Amino acid sequence: PPPPQRGMGCFGRGCLILLCFLIFLAAAFVGGSFLAVRYLRTSYFVTSPVQLPTSNATDEEQQAARAKWKEFERAARAHTPGRIELSADELNALIASEPDFRGKAYFTIEGDTARLQVSVPLDFIQWLHGRYINAECSLQSDVDNDVGNVRIFNVMVNGKPVAEDVLDYRGPWGFRHYISEWSDRSGLKTFQVKDGKVILQSRTSEQ
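Residues numbered from 1 in each chain as written. Predicted model: local features only at pLDDT ≥ 70, side-chain atom pairs only at ≥ 80, totals over all residues. Heavy atoms only, no water.

**Q** Can you explain the overall build of the protein chain? Please cite residues and give values.
**A** A count of helices and strands for the protein chain gives 6 helices and 8 strands. For the protein chain, the N- to C-terminal ordering of α and β elements is α-α-α-α-β-α-β-β-β-β-β-α-β-β. Taking all 207 residues of the protein chain together, the buried fraction comes to 43%. Put simply, 61% of the contacts in the protein chain that link residues at least 6 apart link residues at least 24 apart. Of the roughly 11300 Å² of accessible surface on the protein chain, a fraction of 52% belongs to carbon and sulfur atoms. (Helix = DSSP H or I, 4+ residues; strand = E, 2+ residues; numbered from the N terminus. Buried < 20%, exposed > 50% of the residue type's maximum accessible area, 1.4 Å probe, protein only. Contact = heavy atoms within 4.5 Å. Areas by Shrake-Rupley, 256 points an atom, 1.4 Å probe, with all protein chains shown as cover.)

What follows is the structure, given as C-alpha cells:
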C-alpha cells in the first residue's frame, strides 16, 4: 500500500481554521467578565454537535484535491506566483482528507457566494470542555479580492445571529487584524468567490 500522506501543514490548517472563523469567535468573546463567559458558555456553546452533510469524494478525489492544494501551498511558501480554483466538491474532498477536520465543516457555493457550516468540539479550551460550536456563515469576496476585506455575513452560532459589525473591529485582537497578519505570513494575496469556485492567489516576493 502507498505510504500514509502527511497533513495539509500549517498553511492548510490555518486556511481552514480561518474559514471556520474560530479566531473570530475568540477575538469577539475573549476578555469578558466571568458573568459574560458564563453567559456565552451556556448561550452560544452547546453540549452536542449537529450532523453535517458528508462528502461523497472517493479516495482518489481526496488525493487529487490534496495534491492540488499542496502545489498551491508550495508556491505560497516560496513566494512565487500560484493560483488555485476549488469547487465546493473539491473543498469538501480536501476537508474529508484531513482527519482533524473530517465531518466538522462543509461547503456549498452558489454563484459568487460560499456558505460554510461547522460543528466543532471545543475541548481544547478548558472552560468550554464538553461544548460544541455549531455555526454557519456566508462568504463573499470584495471588489479587489482583498483577503482582509472578505465579507462574512449571515453568521449564526448555535441558532443565534452574530452582528456583522463585530467582525469589523480592527484592533490588535480583531478578526480583520488576524486575517491580514495570517495572509501576509502565509503568502496569500487574494481571495475570491466567483462562478461556483473559491479562487486563491499567492503573493510573490516583489509584492
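**Q** Outline the pairing of strand β7 (residues 188-194), supporting the account with residue identities and numerical values.
**A** A large share of β7 lies buried, amounting to 5 of its 7 residues. As judged from the 6 bridges shared by β7 and strand β8 (residues 197-202), these two strands associate in the antiparallel manner. Its bridge partner lying in β8, Phe-191 is registered against Leu-200. Between β7 and β8, which pair antiparallel in sequence order, lie 2 residues; one of them, Asp-195, sits at a positive phi of approximately 50°. (Pairing = 2+ DSSP bridges.)

**Q** How would you sum up the confidence of the model for the protein chain? Please name residues and give values.
**A** In this model, the protein chain carries a mean pLDDT of 78, and residues with pLDDT of at least 70 account for 73%. Here residues 1-8 is modelled with pLDDT under 50, and outside its nearest four sequence neighbours on either side it reaches 13 contacts, counting other chains as well. (pLDDT = per-residue confidence, 0-100.)

**Q** So what's going on with helix α4 (residues 59-78)? Which residues, and what values?
**A** Look at α4: 28 Å from first C-alpha to last across 20 residues, which is about the 28 Å you get at 1.5 Å a residue. Burial in α4 covers these residues: Gln-62, Ala-65, Arg-66, Trp-69, Phe-72, Glu-73, Ala-75 and Ala-76. (Expected span 1.5 Å × (residues − 1).)

**Q** Explain the sheet that holds β7 to me, using residue names and the numbers behind them.
**A** What the 3 strands build is an open sheet, ordered β1-β8-β7; its pairing is antiparallel. The open sheet is flanked by β1 (83-87) and β7, the only strands paired with a single partner. Averaged over all pairs of adjacent strands, the angle between their axes in this sheet comes to 15°, without regard to strand direction. Against the sheet, helix α5 (residues 88-96) touches β1 and β8, its axis set at about 95° to β1. (Axes fitted to C-alpha atoms, helices over the stretch in contact; angles between N-to-C directions.)

**Q** So what's going on with a negative patch on the surface? Which residues, and what values?
**A** On the surface, a cluster of negative charge is contributed by Asp-59, Glu-60, Glu-61 and Asp-89. Ranked by the residues each element gives to the negative patch, the list is headed by α4, at 3 residues. With respect to the helices and strands, Glu-60 occurs in helix α4. (Patch = residues over 30% accessible without salt bridge, like charges linked within 9 Å, V, L, I, M, F, W, Y side chains within 5 Å. Salt bridge = Lys/Arg side-chain N within 4 Å of Asp/Glu carboxyl O. Lys, Arg positive; Asp, Glu negative; His and termini not counted. Charge placed at Lys NZ, Arg CZ, Asp CG, Glu CD.)

**Q** An account of the packing of α4 against α5 is needed here, citing residue identities and associated values.
**A** Packing of α4 against α5 leaves a shortest axis separation of 8 Å and a crossing angle of 95°. As summarised for this structure, α4 and α5 are arranged roughly perpendicular, according to the angle between their axes. Contacts from Glu-61, Gln-62, Ala-65, Arg-66, Lys-68 and Trp-69 of α4 reach α5 at Glu-90, Ala-93, Leu-94 and Ala-96. Looking at the contact of α4 with α5 residue by residue, the class counts come to 5 nonpolar, 1 polar and 4 charged. (Parallel < 35°, antiparallel > 145°, perpendicular 65-115°, else oblique. Nonpolar A, V, L, I, M, F, W, Y, C, P; charged D, E, K, R; others polar.)

**Q** Any chance you could break down the pattern of salt bridges for me, citing the residues and the numbers?
**A** Counted by the stated rule, this structure contains 6 salt bridges. In this structure, Arg-77 engages Glu-73 in a salt bridge whose closest nitrogen and oxygen atoms are separated by 3.4 Å. Of the two residues, Arg-77 and Glu-73 are both situated in helix α4; the distance of 4 residues between them amounts to about one turn of the helix. Accessibility expressed as a relative area gives 53% for Arg-77, which makes it exposed. On the accessibility criterion, Glu-73 (2% relative accessible area) is buried. Put simply, Lys-70, Glu-73 and Arg-77 are held in one network by salt bridges that share partners.

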